[in-house]
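# Examination of the molecular architecture
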Amino acid sequence: MTMWVFGYGSLLWNPGFEVAEEVPAKLSGYARSFCMRSIHHRGTEEAPGLVLALDEHDETVCNGVALRAAPGTEEATLAYLRERELISSAYLERMLDISLEGGPTVQAVTYVIDPDHVQYCGGLPLEEQAQIIAQAVGGRGPNYEYLFNTAQHLTALGVADPDLDWLSRRVAAITG
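The sections below set out a description of the structure shown in this document.

Conventions used here
Residues numbered from 1 in each chain as written. Predicted model: local features only at pLDDT ≥ 70, side-chain atom pairs only at ≥ 80, totals over all residues. Heavy atoms only, no water. Helix = DSSP H or I, 4+ residues; strand = E, 2+ residues; numbered from the N terminus. Rg over C-alpha atoms; globule rule 2.2 N^0.38 Å. Pairing = 2+ DSSP bridges. Axes fitted to C-alpha atoms, helices over the stretch in contact; angles between N-to-C directions. Contact = heavy atoms within 4.5 Å. Salt bridge = Lys/Arg side-chain N within 4 Å of Asp/Glu carboxyl O. Buried < 20%, exposed > 50% of the residue type's maximum accessible area, 1.4 Å probe, protein only. Parallel < 35°, antiparallel > 145°, perpendicular 65-115°, else oblique. Left-handed = near helix turned anticlockwise from the far one by under 90°. Nonpolar A, V, L, I, M, F, W, Y, C, P; charged D, E, K, R; others polar.

### Remarks on the overall build of the protein
- Helix and strand counts for the protein stand at four helices and seven strands.
- Secondary structure elements in the protein, listed N-terminal to C-terminal, are β-β-β-α-β-β-α-β-β-α-α.
- On C-alpha atoms alone, the protein measures out to a radius of gyration of 15 Å, which is about the 16 Å that the 2.2 N^0.38 rule sets for 176 residues.
- Projected onto the principal axes, the alpha-carbon positions of the protein cover approximately 45 × 30 × 30 Å.

### Some remarks on unusual backbone geometry
- Of note in this structure, glutamate 59 is not a glycine but carries a positive phi near 65°.
- Checked against the element boundaries, glutamate 59 lands in strand S3 (residues 49-69).
- You will see that serine 89, though not glycine, has its phi angle at about 65°, which is positive.
- On the secondary structure map, serine 89 appears in the loop between helix H1 (74-85) and strand S4 (91-100).

### Some points on the sheet that holds S3
- If you walk around this closed barrel you meet the five strands as S1-S3-S2-S4-S5, and the pairing is mixed. The average undirected angle you get between the axes of adjacent strands in this sheet is 40°.
- Inspection of the sheet shows strand S2 (residues 19-38) paired to S3 by 16 bridges, in the antiparallel sense. The partner of lysine 26 across the bridge, within S3, is asparagine 63.
- With respect to the sheet, H1 is in contact with strand S1 (4-7), S3, S4 and strand S5 (105-113), its orientation differing from that of S5 by roughly 25°.
- The strands touched by helix H3 (residues 143-156) within the sheet are S2 and S3, with S3 carrying the most contacts at an inclination of about 70°.

### Examining the side chain of threonine 77
- Positionally, threonine 77 belongs in helix H1.
- When near neighbours in sequence (up to four residues on either side) are disregarded, threonine 77 contacts Met3, Phe17 and Ala69.

### Some points on the pattern of salt bridges
- In this structure the tally under the stated criterion is six salt bridges.
- Here aspartate 161 ties to arginine 32 by a salt bridge, and the two come within 2.9 Å at their closest N and O atoms. Within this pair, whereas aspartate 161 is found in the loop between H3 and helix H4 (162-175), its partner arginine 32 is found in strand S2, the two being separated by 129 residues in sequence. Residue aspartate 161 shares its accessibility class with arginine 32, and that shared class is buried.
- Its salt-bridge partner being arginine 42, residue glutamate 145 comes within 4.0 Å of it at the nearest N-O pair. A residue pair is termed long-range when its members are at least 10 positions apart, and glutamate 145 in helix H3 and arginine 42 in the loop between S2 and S3 qualify at 103 residues.

### What about the packing of H3 against H4?
- As a packed pair, H3 and H4 sit with axes 10 Å apart at the nearest point and diverge in direction by 140°. Judged by the inter-axis angle, H3 sits oblique to H4. For the element pair H3 and H4, the recorded crossing hand is left-handed. Contacts between H3 and H4 pair Tyr144, Leu147, Phe148, Thr150, Ala151, Leu154 and Thr155 from the former with Leu164, Asp165, Leu167, Ser168, Val171, Ala172 and Thr175 from the latter.
- Its residues assigned to classes, the contact of H3 with H4 shows nine nonpolar, four polar and one charged.

Right under this line is the structure:
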């Protein structure tokens, strides 16, 4: 069984599992945005940070990468991802069709936001996002590191994300 995982945020630069192949990919019907309050990894319950999630939106496409788990590691990879991504049940695990660059459409394990979850915060103005990201710190470090790493990796992949570019510049200005 071939197992693909769609990466659009921290999975781009920290998959945490053995990747046999990485291919640019697109997911239709979802937008990458800082629409999830982070109370574990990049913030706390008292001072939540923000992390990226896939928010369902018609007529949108999210560019990311398809990560193929190394053969024989599929079960361990899925267990790892569930422990990492489903820590507070704000993400929903879905098998969604993604289009591989120059190739076929495949099904991939994809983590999307639950818009009914208390951590959902879609539609925050970019300035408010920047202020939160500049100050929040969680178990995996400062929230701004998450933003900067993701933005840098998207740029390296040739993926334009104007909101992340603006947030990176603004948060850099705030944090000095």
